[in-house]
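Reading the structure
Given next are the chains, with one letter for each unit.
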Amino acid sequence: MRFDVVTIFPKFFEGFTTHGIVRRARERNLVTVNVHDLRDFTYGRHHVVDDRPFGGDDGMVLKPEPLFRAVEYLTHGREYQPLGARDTVEAAPDETVSVVVLTPQGRPFTQAEAVRLSAKEQAVLICGRYEGIDERVARTVATDELSIGDYVLSGGEPAAIVVMDAVTRLLPGVLGSATSAVNESFNAGRLDYPVYTRPASYRGLDVPPVLLTGHHAEVDRWRRREALEKTLKYRPDLLADRERLDEMDRKLLKDIER
Ligand code: 6GU
């Protein structure tokens, strides 16, 4: 899969692409991360990327022209056009390409969205800045507008990193074991169970004894119960639809609620 990030802060991505899972996926040619400076798609001596909002307000807005030109270049291989040379608008070439605008106004980015993006050949990630992006970008050349949560970041760069991380680890061959990506939080509709490692006793804090017994059925039951307790405490919304749970989970949940 190929990611093309469009940003006014290309250096922001250096650490991300050179560490951990993404680094290994790149080295094995499972993923390509190209980072593009929005200023390279500007025209004129001053490389202006922003302007004041029509209607008046505080702050600045990312101008449409450099973003349209960046998307055309990255998805259609079209060379930079002089201003005014093109008066039509082309969205992504086909369903193998996603053009994602990252703003707090987007649809929530979820594990399901990560799975959907992981099936694409290319994702262009446009990082919003300042007070926003000219709305014509999201309405035309973009295929998706995503937000990573209900809080305001000063730019879309951390969000682009979040999206690339979540998607990259889903790509075939990236994680060591074929099951590690499926058997975890959210795919199962609840939070993961707590884990412990050695030492079994540390500063008077003991690992739950059941984990040291080697009784797999008991360990499984304990894990399920802990996972459900934590989900009930932090994310009761995930358990709203009891129909999605199996018999054992429903029984454990009733037990916990008593
Ligand atoms: Cl994608 N961008 C910004 N600026 N803030 C956010 C966000 C994105 N998602 C949550 N907050």
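Everything here concerns the structure above.
Residues numbered from 1 in each chain as written. Predicted model: local features only at pLDDT ≥ 70, side-chain atom pairs only at ≥ 80, totals over all residues. Heavy atoms only, no water.

Let's talk about the sheet that holds strand β2 (residues 32-37)
Reading across the sheet, the five strands line up as β2-β1-β6-β5-β8 and stay open at both edges, with parallel pairing between neighbours. The two strands at the open ends of the sheet, each matched to only one other strand, are β2 and β8 (144-147). Taking the axes of each pair of neighbouring strands and ignoring which way they run, one obtains an average angle of 30° across the sheet. Bridge count between strand β1 (residues 2-7) and strand β6 (residues 122-127): five bridges; the pairing is parallel. (Pairing = 2+ DSSP bridges. Helix = DSSP H or I, 4+ residues; strand = E, 2+ residues; numbered from the N terminus. Axes fitted to C-alpha atoms, helices over the stretch in contact; angles between N-to-C directions.)

Considering the packing of helix α7 (residues 216-234) against helix α8 (residues 247-257)
At a minimum axis separation of 10 Å, α7 and α8 run at an interaxial angle of 60°. Considered as vectors, α7 and α8 are oriented oblique to each other. Between α7 and α8 lies a crossing of right-handed hand. Side by side, α7 and α8 meet where R221, R224, R225, L228, E229 and L232 of the first sit next to M248, D249, L252, L253, D255, I256 and E257 of the second. (Parallel < 35°, antiparallel > 145°, perpendicular 65-115°, else oblique. Left-handed = near helix turned anticlockwise from the far one by under 90°. Contact = heavy atoms within 4.5 Å.)

Examining the site of the ligand
Taken together, L102, T103, P104, L146, S147, I148, G149, Y151, L153, G155, G156 and A159 form the complete shell of residues around the ligand. Side-chain polar atom of S147 to a nitrogen atom of the ligand: 3.3 Å apart, as the coordinates give it. One of the backbone N or O atoms of L153 is found 3.0 Å from a nitrogen atom in the ligand. For the ligand, whose free accessible area comes to 290 Å², the fraction covered by protein is 97%. Elements represented by at least two residues in the shell around the ligand include exactly β5 (97-108) and β8. Among the elements that make up the shell around the ligand, the one with the highest residue count is β5 (three residues). Looking at the shell around the ligand residue by residue, the class counts come to seven nonpolar, five polar and no charged. (Near = heavy atom within 4 Å. Polar contact = N/O pair within 3.5 Å; in protein donor to acceptor, adjacent residues only side chain to side chain. Areas by Shrake-Rupley, 256 points an atom, 1.4 Å probe, with all protein chains shown as cover. Nonpolar A, V, L, I, M, F, W, Y, C, P; charged D, E, K, R; others polar.)

Observations regarding the packing of helix α4 (residues 111-118) against helix α6 (residues 157-168)
Put simply, α4 and α6 touch, their axes get as near as 9 Å, and they point 70° apart. In this view, α4 runs roughly perpendicular relative to α6, as classed from their interaxial angle. From α4, A114, L117 and S118 reach across to α6, where they touch V163, A166 and V167. Classifying every residue of the contact of α4 with α6 gives five nonpolar, one polar and no charged.

A few points about the nonpolar core
Judged by nonpolar contacts, the single largest core of 27 residues is most densely connected at F3, L102, L125 and M164. Of all the secondary-structure elements, those providing two or more residues to this core are β1, α2 (20-27), β5, α4, β6 and α6. At seven residues, α6 tops the list of elements feeding residues into this core. Look past the residues within four positions of M164 in its chain and what remains in contact with it is F3, V5, F13, F16, V33 and L125. (Core = buried A, V, L, I, M, F, W, Y, C linked by side-chain atoms within 4.5 Å. Buried < 20%, exposed > 50% of the residue type's maximum accessible area, 1.4 Å probe, protein only.)

What to know about α8
Turning to α8, its buried residues number three or more, namely D249, L252, L253 and I256. The buried residues of α8 all sit within an arc of 100° when viewed along its axis, so they share a single face. Exposed positions of α8 whose direction lies more than 90 degrees from the buried face are E247, K251 and K254. Packed against the buried residues of α8 are α7. (Arc of directions from axis to C-beta.)

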